[in-house]
Amino acid sequence: MSRRRQIYEGKAKVLFEGPEPGTLVQYFKDDAAAQQKRGTITGKGVLNNRISEYLMTKLNELGVQTHFVRRLNMREQLVREVEIIPLQVVVRNVAAGSLATRLGIAEGTQLPRSIVEYYYKSEPLHDPMVSEEHITAFGWASTQDLDDMMAMALRVNDFLSGLFLGVGIRLVDFKLEFGRLWNNDEMRIIIADEISPDSCRLWDIKTNDKMDKDRFREDLGQVEEAYQEVARRLGILPEGGPADLKGPKTMQ
């Protein structure tokens, strides 16, 4: 792990000061957390680093700007320093998790359209769901910020849904975090944090087997194997198992 000054440590990642102004080093841990449950998923940090690198690189190429700059090693990546907006933006395509529980909808039900929800980032409060009224009233984001985040989230949903469908995976739902990137007085909202099986619900299209952190959350077992399978289908994990490759491969 880098010996640079630590800026922040969360449940799954550590942020260190970067090698140049305006950058940070994001380190991926093997630690896992779901509600009150804590544990370790062996190799998760390596896999999430690679998967997030692959997906954010693709988004950058599409013109959906993210904080990702480049991968540094097996567990670290260089990212742009942003002012994090204290919201999680969740896009749901299939009923699962808290949505299924709150509304009494059977898990696995296809939603009539993609639904976007907002959650206030607060670990002590367990990230409560909030409305646009809460967000604008408390100054967490403006109406224009929300419009930008909504548009980006739906664009990401379209792209990821197609990408995962091509490798036999259903994108059930996912969460995004956003940050404000400042350049003098100019501000742009970009995607931050990570996109990985920690932040996405991914089901095998044929079997509906879960291939994400729900396997840890629900004690389903074979958590490491599920993360590896996602990476393998994306073409960034060789048949021999986890390895530090030079960069993401493009699926044909």
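Note: the structure precedes this text.
What counts and what doesn't
- Residues numbered from 1 in each chain as written.
- Predicted model: local features only at pLDDT ≥ 70, side-chain atom pairs only at ≥ 80, totals over all residues.
- Heavy atoms only, no water.
- Helix = DSSP H or I, 4+ residues; strand = E, 2+ residues; numbered from the N terminus.
- Rg over C-alpha atoms; globule rule 2.2 N^0.38 Å.
- Contact = heavy atoms within 4.5 Å.
- Areas by Shrake-Rupley, 256 points an atom, 1.4 Å probe, with all protein chains shown as cover.
- Lys, Arg positive; Asp, Glu negative; His and termini not counted.
- Charge placed at Lys NZ, Arg CZ, Asp CG, Glu CD.
- Patch = residues over 30% accessible without salt bridge, like charges linked within 9 Å, V, L, I, M, F, W, Y side chains within 5 Å.
- Salt bridge = Lys/Arg side-chain N within 4 Å of Asp/Glu carboxyl O.
- Pairing = 2+ DSSP bridges.
- Axes fitted to C-alpha atoms, helices over the stretch in contact; angles between N-to-C directions.
- 1 Å grid on protein atoms, 1.4 Å probe; cavity = no way out; pocket = protein on both sides within 12 Å on 5 of 7 lines; lining within 4 Å.
- Points joined across faces, edges and corners; volume = space filled by probe spheres on them.
- Buried < 20%, exposed > 50% of the residue type's maximum accessible area, 1.4 Å probe, protein only.
- Polar contact = N/O pair within 3.5 Å; in protein donor to acceptor, adjacent residues only side chain to side chain.

### Description of the overall build of the protein
Then step 1. What the protein contains, in helices and strands, is six helices and 14 strands.
Then step 2. For 252 residues, the compact-globule estimate of 2.2 N^0.38 gives 18 Å, and the C-alpha radius of gyration of the protein, at 17 Å, lies within 12% of that figure.
Then step 3. Judged by the C-alpha coordinates and their principal axes, the protein covers about 50 × 45 × 40 Å.
Then step 4. A separation of at least 24 residues holds for 57% of the contacts in the protein among residues at least 6 apart in sequence.
Then step 5. As displayed, the protein offers around 12,400 Å² of accessible surface, 49% of which is attributable to carbon and sulfur atoms.
Then step 6. The positive charge centre, built from 34 side chains, and the negative charge centre, built from 38, are 4 Å apart in the protein.

### Structural notes on a negative patch on the surface
Then step 1. Among the surface-exposed residues, Glu132, Glu133, Asp147 and Asp148 lie close enough to one another that they form a single negatively charged patch.
Then step 2. Of all the secondary structure elements, the ones that give two or more residues to the negative patch are α3 (132-137) and α4 (143-165).
Then step 3. For Asp148, the position within the fold is in helix α4.

### Overview of the sheet that holds strand β2 (residues 13-17)
Then step 1. Reading across from one edge, β1-β2-β3-β7-β6 is the order of the five strands in this open sheet, with antiparallel pairing throughout. Strands at the two margins of the open sheet, each flanked by one partner only, are β1 (6-9) and β6 (68-71). Adjacent strand axes in the sheet meet at a mean angle of 25°, parallel and antiparallel pairs treated alike.
Then step 2. Bridging between strand β3 (residues 23-28) and strand β7 (residues 76-80) involves five bridges; their strand directions are antiparallel. Bridge pairing in β7 places Thr23 opposite Arg80.
Then step 3. Across the face of the sheet, helix α1 (residues 44-62) comes into contact with β3, β6 and β7 while running at roughly 130° to β6.

### As for the layout of surface pockets
Then step 1. Quantified by volume, the largest pocket comes out at close to 1,600 Å³.
Then step 2. Lining the largest pocket are 50 residues, and of these Lys11, Gln88, Asp127, Lys175 and Glu177 lie nearest its centre.

### Thoughts on the pattern of salt bridges
Then step 1. Per the stated rule, a full pass over the model turns up 25 salt bridges.
Then step 2. Close ionic contact of Asp193 with Lys13 constitutes a salt bridge, the shortest N to O distance being 3.0 Å. A residue pair is termed long-range when its members are at least 10 positions apart, and Asp193 in the loop between β13 (186-192) and β14 (200-204) and Lys13 in strand β2 qualify at 180 residues. As far as burial versus exposure is concerned, Asp193 and Lys13 are alike and both buried.

### Notes on the side chain of Glu194
Then step 1. Relative to the helices and strands, Glu194 resides in the loop between β13 and β14.
Then step 2. Using a relative accessible area of 4% as the deciding quantity, one classes Glu194 as buried.
Then step 3. Here Lys13 takes part through its side chain, which lies 2.6 Å from a polar atom of the side chain of Glu194.
Then step 4. With near-sequence residues (within four places) excluded, Glu194 lies in contact with Ala12, Lys13, Phe28, Asn48, Ser52, Met56 and Ser199.

### Some details on the pairing of β14
Then step 1. With five of five residues buried, β14 is to be regarded as a mostly interior element.
Then step 2. What you see with β14 is no split at all: Cys200, Leu202 and Asp204 on one side and Arg201 and Trp203 on the other are buried throughout.
Then step 3. As defined by bridge partners, strand β12 (residues 169-183) adjoins β14 across five bridges and the pair is classed as antiparallel. Counterpart to Ile169 in the pairing with β14 is Asp204.

### Examining the environment of Asp127
Then step 1. Relative to the elements of secondary structure, Asp127 occurs in the loop between β10 (110-120) and β11 (129-130).
Then step 2. Between the C-alpha atoms of Asp127 and Leu47, which are 80 residues apart in sequence, the distance is 25 Å.
Then step 3. Among residues more than four places away in sequence, those in contact with Asp127 are Gln88, Tyr119, Tyr120, Lys121 and Ser122.
Then step 4. Within the structure, the side chain of Asp127 is placed 2.8 Å from the backbone nitrogen of Ser122, a separation counted as a polar contact.

Function cannot be inferred from these measures alone, as they are strictly geometric.
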